[in-house]
Amino acid sequence: LAKTTQPISMDSYEGQEVNITCSHNNIATNDYITWYQQFPSQGPRFIIQGYKTKVTNEVASLFIPADRKSSTLSLPRVSLSDTAVYYCLVALVPDKLIFGTGTRLQVFP
Amino acid sequence: DTAVSQTPKYLVTQMGNDKSIKCEQNLGHDTMYWYKQDSKKFLKIMFSYNNKELIINETVPNRFSPKSPDKAHLNLHINSLELGDSAVYFCASSLGGTESYEQYFGPGTRLTVT
């Protein structure tokens, strides 16, 4: 199973773009890359999923280079409400999702 | 309407007791899951279940058992509770196939074993 490495924490200010990079050097050919967000005392919330290149939705963008050994979650113009823990996961099948320690993002006014 | 709901939200009990946590989803999803988040905030999958197959994480003690009365419900039964079972338990659900990576989580049940 692919292991992921993310920064433990990041700080930002409102209105800035935040990029969180995840390393997954031993990602398998058929693994998907998924990002979740978790607020205190709540369950994780799905943000975005991708396999290669770039994926964009109304919340974020996911950039995946050709070798797929890393991925970057991009949050445009963050607000205070984006303060949360962000998890990067890679898995072939959904019931093999492994949540790591995540990245704790703190957004300041 | 709450998509994935769990009851109770808080559960305090003594070692050795047997308890259950209920989970219901109204999304029409095919697959449901149970996760455990410990005090260090590590979130680990315990079970995944659809109407055909139960997949158990091999690290889960057999004191834990999921019970699914129907497609919309997946309850978690825990026998002979131990101190180490104290954690937040999350239920989740998803569609099948590649859409299963988009899982919808419940609010969690904080279990405290004394």
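The coordinates are above.
None of the values given here were measured: they were computed from a predicted structure.

Chemist: Can you tell me about the overall build of chain A, naming the residues and giving the values?
Modeler: In terms of helices and strands, chain A carries 0 helices and 9 strands. Counting from the amino terminus, helix and strand elements in chain A follow one another as β-β-β-β-β-β-β-β-β. A compact globule built from 109 residues should have a C-alpha radius of gyration of about 13 Å, and chain A, at 13 Å, falls within 12% of that. Structurally, chain A occupies a C-alpha span of about 40 × 30 × 20 Å along its principal axes. Working note: accessible area of chain A is about 5,500 Å², and carbon and sulfur atoms make up 53% of it. Side chains of chain A give 9 positive and 8 negative charges; the mean places of these two sets differ by 7 Å.

Chemist: Could you give an account of the pattern of salt bridges, with specific residues and numbers?
Modeler: All names here are of chain B. Considering all chains together, one arrives at 3 salt bridges over all chains under this definition. For the salt bridge of Glu82 with Arg63, the shortest nitrogen-to-oxygen distance reads 3.5 Å. Placement of Glu82 in the loop between strand S8 (75-78) and strand S9 (87-94) and of Arg63 in the loop between strand S6 (54-56) and strand S7 (64-67) is noted, with a sequence separation of 19 residues between them. Exposure remark for Arg63: the relative accessible area of 12% places this residue in the buried category. Sharing partners across several salt bridges, the network here consists of Arg63, Glu82 and Asp85.

Cut-off values and rules
Counting of residues starts from 1 at the beginning of each chain's written sequence and follows it residue by residue. Chain labels run from A onward and ligand labels from 1 onward, assigned in the order the entries are written. Thresholds applied to this predicted model are a pLDDT of at least 70 for local features of residues and 80 or more for the giving and counting of side-chain atom pairs; totals over whole chains, interfaces and linings are not thresholded and use all residues. Only hydrogens and water are set aside; all other atoms, that is, all heavy atoms of the structure, feed into the side-chain values. The way it works is that DSSP assigns letters per residue, a run of H or I at least four long becomes a helix, a run of E at least two long becomes a strand, and they are numbered from the N terminus. Throughout, radius of gyration means the C-alpha value; the globule benchmark is 2.2 Å times the number of residues raised to the power 0.38. Only the protein chains shown count as cover for residues, with accessible areas throughout obtained via the Shrake-Rupley method and a probe of 1.4 Å. Residues scored as positive are Lys and Arg, those scored as negative are Asp and Glu, and His as well as the terminal groups of each chain are ignored. By convention, charge coordinates are those of NZ in Lys, CZ in Arg, CG in Asp, or CD in Glu. Here, a salt bridge means any Lys or Arg side-chain nitrogen found within 4 Å of an Asp or Glu carboxyl oxygen. Exposure classes here rest on a 1.4 Å probe applied to the protein chains alone. A residue is buried below 20% of its type maximum, exposed above 50%, and partly exposed in between.

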